[in-house]
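Summary of the model geometry
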Amino acid sequence: MNLENYFISQFNNIHIGDDGAYINGMVYSKDAFFEDVHFKKEWMNYYEIAQKAMLVNISDAIAMNAVPKYALLSVAMPKSMTKADMVALAQGFKDVACKYGIEIIGGDTISNTKLDITITIISHTKKPLLRSGIKQKYFLAYTGELGRSAQELKKLFQGGKLHKKSKFKNIKLREKFISKTSRHLKAGMDISDGLYSDLDKILKASGVGIELFTPLSKAIGCSGEEYEMLIAFDIRSKKAVLRHAQATRTPLTIFAQATRNRYINRCKAHHF
């Protein structure tokens, strides 16, 4: 057990274990977005930092087939930030919130040595998509193209710059695909820690293993912060899922089938 899982295991609660906590039709989720952990200020401007912080958090709601309604912001800001910096940061939060119909209802601000952001998203769903629910022979698939986020992060560490539409900066969420396909999906989660690491979570939640149809490289399987969707569905739903993927212009790769085989994650933990 890695240190992240060890710490989480200290809290024995039935609501812990998915992308958010589902309680009475509502989903509550929170993610941190910290300077020098998730980003460096030379990589992104204040508007882009706020934009990505919001999208990272909204991704958890979408992963549970929930519609985000409200947001609470906690922002720890260095004293070096100017009023113009604060306006740009606030505008990034507001623009993404507006796009997804989210009302920012409060939070907290404090002084700090660097910029640290945490966001709580409160969402509503009639049919939550959980990590558990995978049975043997179900197909597993992921949306989009994996591997680019790790490539772009490597470029940044080497002193390079990224385009404004870079996947590392401008996350593309899959809300239309999940919403239209939800009746066919048996389990799902967003890919934040890398496909292989998140596979470990979703398979353990269902007590199954997998058989890969084709080997996936570590460049694809270990790339974190992709914020694509990992989903599972019955074989009988394959045509419907592919039809909805095409209708929403969502690239979809069916890469494995649930079996009794034991699964071993070969990637290094992202958080500890």
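Everything discussed here concerns the structure shown above.
Below is a summary of the structure that appears in this document. (Residues numbered from 1 in each chain as written. Predicted model: local features only at pLDDT ≥ 70, side-chain atom pairs only at ≥ 80, totals over all residues. Heavy atoms only, no water.)

Ranked by size, the top nonpolar core spans 51 residues in total, and within it Ile-58, Leu-89, Phe-93, Leu-115, Ile-117, Ile-119 and Ile-231 carry the most contacts. Among the elements that make up this core, the one with the highest residue count is helix α2 (residues 46-63) (11 residues). Look past the residues within four positions of Ile-117 in its chain and what remains in contact with it is Asp-31, Ala-32, Phe-33, Phe-34, Ile-49, Ala-53, Ser-74, Val-75, Leu-89 and Phe-93. Of all hydrophobic cores here, the second largest spans 24 residues; its members include Tyr-138, Val-208, Leu-230 and Ala-258. (Core = buried A, V, L, I, M, F, W, Y, C linked by side-chain atoms within 4.5 Å. Buried < 20%, exposed > 50% of the residue type's maximum accessible area, 1.4 Å probe, protein only. Helix = DSSP H or I, 4+ residues; strand = E, 2+ residues; numbered from the N terminus. Contact = heavy atoms within 4.5 Å.)

Moving on, we come to unusual backbone geometry. Backbone geometry at Asn-65 places phi at a positive 60°, although glycine is not the residue there. Looking at Asn-65, the relative accessible area reads 16%, which means it is buried. Positioned with a positive phi, Glu-225 is a non-glycine residue whose angle comes to about 55°. Of note, Glu-225 is situated in the loop between α7 (218-221) and β9 (228-233).

Read across the sheet, five strands follow the order β7-β9-β6-β10-β8 without closing on themselves; strand pairing throughout is antiparallel. In this open sheet, the two edge strands, each paired with only one partner strand, are β7 (185-191) and β8 (209-212). Mean inter-strand twist for the sheet, computed between neighbouring axes without regard to direction, equals 30°. Both strand β6 (residues 139-143) and β9 contribute to a ladder of four bridges, which runs antiparallel. Bridge assignment links Tyr-142 to a residue of β9, and that residue is Leu-230. Against the sheet, α2 contacts β7 and β9, and its axis sits at roughly 170° relative to β7. Set on the sheet, helix α6 (residues 195-206) makes contact with β6, β7, β8, β9 and β10 (252-259); between it and β7 the angle comes to about 140°. (Pairing = 2+ DSSP bridges. Axes fitted to C-alpha atoms, helices over the stretch in contact; angles between N-to-C directions.)

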